[in-house]
Amino acid sequence: MKLYYAPGACSLAAHIALQESGLRYQRARVDLRDHEVDGVDFYAINPKGYVPVLELDDGERPTEAAVVLQYIPDLNPGTLAPAFGTIERYRLTG
Ligand SMILES: N[C@@H](CCC(=O)N[C@@H](CS)C(=O)NCC(=O)O)C(=O)O
């Protein structure tokens, strides 16, 4: 997995979740002023032009913090967050 992030941006929450998960991941720092990442047009990565983007190993790229922040815990259900479908999960997010 690779997290596209920017310092001081809302990608920080995904960054923390990944770090806390103990999962292996890469990071790509996005320049939000020029919308570039590693010399590449960031709009080619995310047409919406914003972070966070979580690039999965199969190339899929979920965006939106609310989605990414559920995807990461669901890789190891019941660890970072209560398992999906349990009332504890809805207490956490609601
Ligand atoms: N709806 C998105 C909003 C993400 C967002 O606004 N990200 C900001 C940083 S906090 C961004 O990348 N802005 C750059 C831009 O819009 O060009 C989400 O919740 O993930």
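Above this note sits the structure.
Just so it is clear, the structure is predicted and the values come from calculations on it, not from any experiment. (Residues numbered from 1 in each chain as written. Predicted model: local features only at pLDDT ≥ 70, side-chain atom pairs only at ≥ 80, totals over all residues.)

(A) Region of the structure containing the site of the ligand. Every residue close to the ligand is listed here: Ala-9, Cys-10, Leu-32, Gly-49, Tyr-50, Val-51, Pro-52, Glu-64 and Ala-65. Per-class residue counts for the shell around the ligand are seven nonpolar, one polar and one charged. (Near = placed C-beta within 6 Å. Nonpolar A, V, L, I, M, F, W, Y, C, P; charged D, E, K, R; others polar.)

(B) Up close: the pairing of strand E2 (residues 26–29). With four bridges connecting them, strand E1 (residues 2–5) and E2 associate as parallel partners. When the sheet's bridge partners are listed, Tyr-5 is paired in E2 with Arg-29. Chirality of the crossover, the property in question, places the unit of E1, helix H1 (residues 11–21) and E2 among those that are right-handed. (Pairing = 2+ DSSP bridges. Helix = DSSP H or I, 4+ residues; strand = E, 2+ residues; numbered from the N terminus. Right-handed = clockwise from strand over helix to strand, strands pointing away.)

(C) Here's a closer look at the pairing of E1. With three bridges joining them, E1 and strand E5 (residues 53–55) adopt antiparallel strand pairing. Its bridge partner being in E5, Tyr-4 is matched across the sheet by Val-53.

(D) The sheet that holds E2, seen in detail. Strand order in the open sheet formed by three strands is E2-E1-E5, with mixed pairing between adjacent strands. Both outer strands of the open sheet, E2 and E5, are each paired with one neighbouring strand and no more. Averaged over all pairs of adjacent strands, the angle between strand axes in this sheet comes to 20°, irrespective of strand direction. H1 contacts E1 and E5 of the sheet and is inclined by roughly 150° relative to E1. (Axes fitted to C-alpha atoms, helices over the stretch in contact; angles between N-to-C directions. Contact = placed C-beta atoms within 7 Å.)

(E) Broad picture of the environment of Glu-20. Here Glu-20 lies in helix H1. In sequence terms Glu-20 and Thr-79 are 59 residues apart; their C-alpha atoms lie 9.8 Å from each other.

(F) Structural detail: the environment of Leu-80. On the secondary structure map, Leu-80 appears in the loop between helix H2 (65–74) and helix H3 (87–93). Note on Leu-80: 18 C-beta atoms within 10 Å, which makes it partly exposed. When residues no more than four places from it in sequence are discounted, the contact partners of Leu-80 are Ala-17, Glu-20, Ser-21, Ile-72 and Pro-73. (Buried ≥ 20, exposed ≤ 12 C-beta atoms within 10 Å, placed from the backbone.)

(G) Quick look at H1. For H1, the set of buried residues is Ser-11, Ala-14, His-15, Ala-17 and Leu-18. Looking straight down H1, one finds its buried side chains confined to an arc of 165°; they lie on one side. Of the exposed residues in H1, the ones pointing more than 90 degrees away from its buried face are Gln-19 and Glu-20. Where H1 is buried, its residues contact E1, E5 and H2. Gly-22 lies just past H1 and shows a positive phi near 80°. (Arc of directions from axis to C-beta.)

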